[in-house]
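Here are the chains, one letter per residue:
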Amino acid sequence: MSQEFLRPLSELQTPAKLLGVLTDIDDTLTTDGVVPEPVVAAIARLKDAGLKVVPITGRPVGWSVPFASAWPVDAIVAENGAVALRRNAQGSLDKLYQQSADERARNFARMQQVLEQIEAAVPGAKRATDSAGRECDIAVDHSEFTNMPQAQIDECVAIMKAAGMNATVSSIHINGWFGEHNKLEGARWITRELFDIDLDATLARWVYIGDSTNDQQMFEHMPHSVGVANIARFVPQLRHLPRYVTTAERGDGFVQLADQLLAPQKQ
């Protein structure tokens, strides 16, 4: 394994003119399915320091609504880059989409057929309990409320890809969708839409933190990429590793990153 990757978080130098933090949610901000108060406080400290904070998740837009309202974030990008939630001047939430309404409707109908095929063909496969809130993708539960063997996870992914879908595996779900969006494209899109910032031109001024295989594009692309300690579960399956890793798992790992980034500003 290259010494450039999975280095201790303590070796991460806060980037010059840091713009912000992009982060996964499940098992990165959450611990046992809940976002602890110290994580919300860490987000608030990052924001108070003038940084932008945008979670990018495979979770559905419906699931994300209460968090986009309650957390001190600039926006939440949901469904692996397909849709974003941001607070408007009135304090309510706007939805931003990467696909037109007609395209979303066509894709939704096709995706439900694939989901039914997976549930019929793969023993024990069940749609994720948050599926009712999904608009632009489908999700099969592999670790949130069930424990699916790797062979069946692979079978679900194969069915999605055979149908022409993109497919990725998070720490809890197998997600599939039609379209060119993904976490990286979602990050590029939202930084342009919200901040008029070209992500690729400012990569050295951002930090990304995640925990699983669906974060690989971000790990590969972002020079300041961080994994929370529980990424160890997925290391054998990862082709692209984060540069740094926290010593703490899940939400505690995110708090470690916030502390590390803000420490120079406290001096």
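For clarity, every value in this text was computed on a predicted model and none was experimentally measured.

Participant: Mind laying out empty space enclosed by the protein, listing which residues take part and the relevant values?
Facilitator: Considering all chains together, one arrives at one cavity of 30 Å³ or more under this definition. The space that makes up the largest cavity amounts to roughly 70 Å³. Along the walls of the largest cavity sit 14 residues, with Asp26, Thr57, Gly58, Ser170 and Ile172 positioned nearest its centre. Looking at the lining of the largest cavity, its residues break down into one nonpolar, eight polar and five charged.

Participant: Explain the sheet that holds strand E4 (residues 76-78) to me, using residue names and the numbers behind them.
Facilitator: The sheet built from three strands is open, its strands ordered E4-E5-E6 with antiparallel pairing. Two strands bound the open sheet, and with one partner strand each, they are E4 and strand E6 (93-97). Neighbour-to-neighbour, the strand axes of this sheet turn through a mean angle of 25 degrees, independent of strand direction. Summarising the sheet, strand E5 (residues 83-87) and E6 pair through five bridges and their orientation is antiparallel. For Arg87, the partnering residue across the bridge sits in E6 and is Leu93. Against the sheet, helix H2 (residues 61-70) contacts E4, E5 and E6, and its axis sits at roughly 25 degrees relative to E5.

Conventions adopted
Residues numbered from 1 in each chain as written. Predicted model: local features only at pLDDT ≥ 70, side-chain atom pairs only at ≥ 80, totals over all residues. Heavy atoms only, no water. 1 Å grid on protein atoms, 1.4 Å probe; cavity = no way out; pocket = protein on both sides within 12 Å on 5 of 7 lines; lining within 4 Å. Points joined across faces, edges and corners; volume = space filled by probe spheres on them. Nonpolar A, V, L, I, M, F, W, Y, C, P; charged D, E, K, R; others polar. Pairing = 2+ DSSP bridges. Helix = DSSP H or I, 4+ residues; strand = E, 2+ residues; numbered from the N terminus. Axes fitted to C-alpha atoms, helices over the stretch in contact; angles between N-to-C directions. Contact = heavy atoms within 4.5 Å.

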